[in-house]
Amino acid sequence: MGLLTFKGGIHPDDGKKLAREKAIVPAVPSGELAYALSQHIGAPANPVVKVGERVLKGQKLAEAGGFVSAPIYASVSGTVKKIETRFGPSGSKVGCIIVENDGEYEETEYAPVKPLEKMEKDEILNLIGDAGVVGMGGAGFPTKVKLSPKEPEKIEYVIANCAECEPYITADYRRMIEEPEKLVGGMRVVLRLFDNAKGIFGVEDNKPEAIAKLTELVRHEERMEVKVLKTKYPQGAERQLIFALTGRAINSSMLPADAGCVVDNVETLISINRAVVEGKPLMERVITVTGDAVSEPGNFLAPIGMNQRELVEMAGGFKTEPQKVISGGPMMGFAMFTLDVPVTKTSSAILCMTKDEVAAMEPSACINCGRCVEVCPSRLIPSRLADYAERNDEQSFTKWEGLECMECGSCSFVCPAKRQLKQAIGSMRKSALANRRKK
Ligand code: SF4
Ligand code: SF4
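Sequence order sets the numbering: in each chain, residues are counted from 1 along the sequence as written. A letter from A marks each chain and a number from 1 marks each ligand, given out in the order of writing. Reporting of local features is limited, given that this is a predicted model, to residues whose pLDDT is at least 70; pairs of side-chain atoms are given and counted only at 80 or more, and all residues count toward the totals for whole chains, interfaces and linings. For side-chain calculations, the full set of non-hydrogen atoms in the structure is used, while hydrogens and water are omitted.

## Some remarks on the overall build of the protein chain
- Think of it this way: any DSSP run of H or I at least four residues long counts as a helix, any run of E at least two long counts as a strand, and we number them from the N terminus. Secondary structure summary: the protein chain contains 14 helices and 17 strands in total.
- A compact globule built from 439 residues would reach a C-alpha radius of gyration of about 22 Å, and the protein chain, at 21 Å, matches this within 12%.
- In terms of overall dimensions, the protein chain has a C-alpha envelope of 65 × 50 × 50 Å along the principal axes.
- Burial classes follow relative accessibility: with a 1.4 Å probe on protein chains only, a residue under 20% of its type's maximum area counts as buried, one over 50% as exposed, and anything between as partly exposed. Out of the 439 residues in the protein chain, the part that is buried amounts to 54%. In this description the radius of gyration comes from C-alpha coordinates, and the expected globular size is given by 2.2 Å times residues to the power 0.38.

## With respect to the sheet that holds strand β3 (residues 46-47)
- On the basis of which strands lie adjacent, the open sheet formed by three strands has the order β3-β5-β6 and antiparallel pairing. The open sheet has two free edges, formed respectively by β3 and β6 (72-73), since each of these has just one partner strand. For two strands to be treated as a pair, DSSP must find no fewer than two bridges joining them.

## Describing the nonpolar core
- Throughout, nonpolar core names a set of buried Ala, Val, Leu, Ile, Met, Phe, Trp, Tyr and Cys residues whose side chains join them through atoms within 4.5 Å. By size, the foremost hydrophobic cluster in this structure holds 39 residues, and its most contacted members are L147, L183, F194, F201 and V203.
- Put simply, the parts of the chain that give this core at least two residues each are α1 (121-130), β9 (157-162), α3 (171-178), α4 (180-193), β10 (198-204), α5 (208-217), β11 (224-229) and α7 (266-278).
- In this structure L183 touches C162, M176, F201, L214, V266, L269 and I270, once residues within four positions along its chain are discounted.
- Counting 35 residues, the second-largest nonpolar core is a separate cluster that includes V55, F300, M336 and L339. Residue contacts follow a heavy-atom distance rule, with two residues in contact if any of their heavy atoms lie within 4.5 Å.

## Focus on the site of ligand 1
- Near ligand 1, the surroundings consist of C376, P377, S378, P382, C405, M406, E407, C408, G409, S410, C411 and I425.
- As defined here, a cavity is a set of points on a 1 Å grid over the protein atoms alone where a 1.4 Å probe fits but cannot get out. A pocket is an open set with protein on both sides within 12 Å along at least five of seven lines, and residues line them when an atom is within 4 Å of a point. The way we define it, a molecule is inside a pocket or cavity when more than half of its atoms are within 2 Å of that pocket's grid points. Using a 2 Å cut-off from the grid points, one finds that ligand 1 occupies the largest cavity.
- For this classification, the nonpolar set comprises Ala, Val, Leu, Ile, Met, Phe, Trp, Tyr, Cys and Pro, the charged set comprises Asp, Glu, Lys and Arg, and every other residue, Gly included, is treated as polar. Considering only residue class, the shell around ligand 1 consists of eight nonpolar, three polar and one charged. A molecule or strand has a residue near it when one of that residue's heavy atoms lies within 4 Å.

## Section: the packing of aromatic side chains
- Here a Phe, Tyr or Trp ring, Trp counted by its six-membered ring, pairs with any other such ring whose centre lies within 6.5 Å, and the pair is stacked when the planes are under 30 degrees apart, edge-to-face when over 60, and tilted otherwise. All told, the structure shown has zero aromatic pairs when counted by the stated rule.
- The ring of F87 is capped by K93, whose NZ or CZ atom sits 5.2 Å from the centre of that ring.
- If you follow K232 out to its NZ or CZ, it ends over the ring of F6, 4.4 Å from the centre. Think of it as a cone above the ring: NZ of Lys or CZ of Arg counts as a charge over the ring if it is within 6 Å of the ring centre and within 35 degrees of the ring normal.

## Here's the deal with α7
- One less than the residue count of a helix, multiplied by 1.5 Å, gives the span that helix is expected to have. Helix length check: α7, at 13 residues, gives a terminal C-alpha distance of 17 Å against a target of 18 Å (1.5 Å per residue), a fit within 8%.
- Here α7 lies mainly inside the structure; 11 of its 13 residues are buried.
- Those residues of α7 lying buried are V266, E267, T268, L269, I270, S271, I272, N273, R274, A275 and V276.
- G279 sits one or two positions beyond α7 and adopts a positive phi of about 70 degrees.

## What about empty space enclosed by the protein?
- Grid points are joined across faces, edges and corners, and a volume is the space filled by probe spheres set on the points. Scanning the entire structure with this criterion turns up one cavity of 30 Å³ or more.
- Within the residue set of the lining of the largest cavity, elements represented by two or more residues are α11 (382-390) and α14 (421-438).
- Looking at the lining of the largest cavity, its residues break down into 10 nonpolar, two polar and two charged.

## Overview of the sheet that holds strand β8 (residues 93-101)
- Read across the open sheet, the four strands follow the order β2-β8-β7-β4; overall the sheet is antiparallel. In this open sheet, the two strands that pair with only one neighbour each are β2 (32-36) and β4 (54-55).
- Across five bridges, β2 lies against β8 in antiparallel orientation. Within β8, the residue paired with A36 across the bridge is C96.

## Some words on the environment of P89
- By secondary structure assignment, the location of P89 is in the loop between β7 (78-87) and β8.
- Measuring from C-alpha to C-alpha, the distance between P89 and E222 comes to 41 Å, with 133 residues separating the pair along the chain.
- Apart from residues lying up to four places away in sequence, P89 is in contact with Q308, S327, F334, M336, V341, P342 and T344.

## Brief notes about the pattern of salt bridges
- Only one rule defines a salt bridge in this text: a Lys or Arg side-chain nitrogen within 4 Å of an Asp or Glu carboxyl oxygen. Within the structure shown, the criterion is met by 29 salt bridges.
- The shortest N-O distance in the salt bridge between E106 and R54 comes to 3.0 Å. Pair noted here: E106 is in the loop between β8 and α1 and R54 is in strand β4, with a separation of 52 residues, a long-range link.
- Residue classification places E106 among the partly exposed positions, given a relative accessible area of 37%.
- Judged by its relative accessible area of 38%, R54 is partly exposed.
- The residue R175 makes a salt bridge to E267 at a minimum N-O spacing of 2.7 Å. You can see R175 sitting in helix α3 and its partner E267 sitting in helix α7, a full 92 residues away along the chain.
- Overall, the relative accessible area of 3% leaves R175 in the buried class.

Structure below.
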């Protein structure tokens with residue numbers, strides 16, 4: 001039987017060899033830390049500390065600002081210096097709590113937690129919500145809300161997204177081979193919430209060591225199994241992952257729960273484990289610092305709020321001045337204009353490249369080769385959608401299912417005419433979605 005996968009997709013040079021053999025190193029921040037109040041989808045968090053106050057590592061700095069929101073915790077001990085707006089990784093300004101690190105890492109006392117088997121479902125969900133856990137694969141959606149579907153008994157699959165299909169990023173891979181017990185622990189917690197569900201770890205076949213470790217660990221877990229996926233981008237996109245593992249299809253107006261699925265990525269499941277099994281909040285995450293401009297690419301356990309420039313310095317700094325710095329991977333990440341931004345719960349990588357391949361491309365006219373159609377995992381006609389987008393023809397764009405684009409960038413990657421298909425379709429899609437919300 002062939003490997004599990006989806007239709008379409010591409011095989012870019014994965015660039016993972018730069019950092020995949022580099023063990024996770026704890027990053028030690030030196031200066032001040034900036035805790036963004038908006039590092040999740042939903043309402044910004046509201047500060048509960050005052051300027052001048054001493055805070056401990058693990059202390060709550062800001063509480064959730066609504067039902068869809070998440071609290072923020074200090075990852076060091078120190079003094080609250082300011083509460084002000086600063087640039088976040090995406091280039092927009094966000095409110096931040098600035099803490100001067102005193103270097104003592106004095107930690108707060110955490111409330112004791114019961115053994116998992118003695119907890120009620122509500123207690124588990126509250127621990128996850130109170131710990132500030134959000135989707136750490138990039139979405140930043142509060143995990144408590146995601147794990148509270150209307151009909152939990154209809155959830156049949158809890159999927160651990162272990163694909164890590166974005167080129168260059170190796171943070172999840174290192175977690176899987178260095179701390180697979182914590183990942184399996186997170187799955188165990190989520191399965192307690194869904195009595196009729198089975199847990200699946202979906203791992204691409206370019207990670208044999210991770211497949212072997214996880215398979216060994218779940219050998220006696222009746223409700224868990226490891227499934228091997230074909231290595232292909234964007235195998236880790238939620239819709240493609242669900243389809244490959246269960247054969248179920250969802251579109252942009254459906255949630256995974258509508259197909260009986262819940263999907264969480266590796267770092268999120270590890271944070272769930274920390275919240276429920278250890279009773280500790282989300283204060284850190286693994287980030288890959290990589291690219292051909294970096295002296296010593298690696299994977300770092302970074303405290304939330306740490307300055308990203310310091311992380312690049314930990315990776316030996318630049319050996320060559322980068323032409324382009326990206327937050328995340330090359331396919332779905334976004335260009336950074338400064339490294340002086342804080343690590344957030346959704347920061348997965350800092351990619352520093354000596355060539356800006358997109359800027360070097362001179363687009364030309366479409367030659368109707370059909371390659372973009374072949375690779376589109378959402379089964380769209382990107383060339384046509386980009387035409388509609390360029391003409392600002394929202395009606396035709398929507399009629400031809402432009403809203404189903406997930407901005408994976410596969411079409412731009414293969415286009416011999418170097419058309420910026422993803423950019424054109426992505427911006428039309430955003431404005432069409434905004435117009436739909438207004439109606
Ligand atoms: S149209 Fe959208 S979903 Fe399809 S390949 Fe292009 S970016 Fe990806
Ligand atoms: S890949 Fe580029 S050149 Fe080929 S059909 Fe699509 S838009 Fe046209």
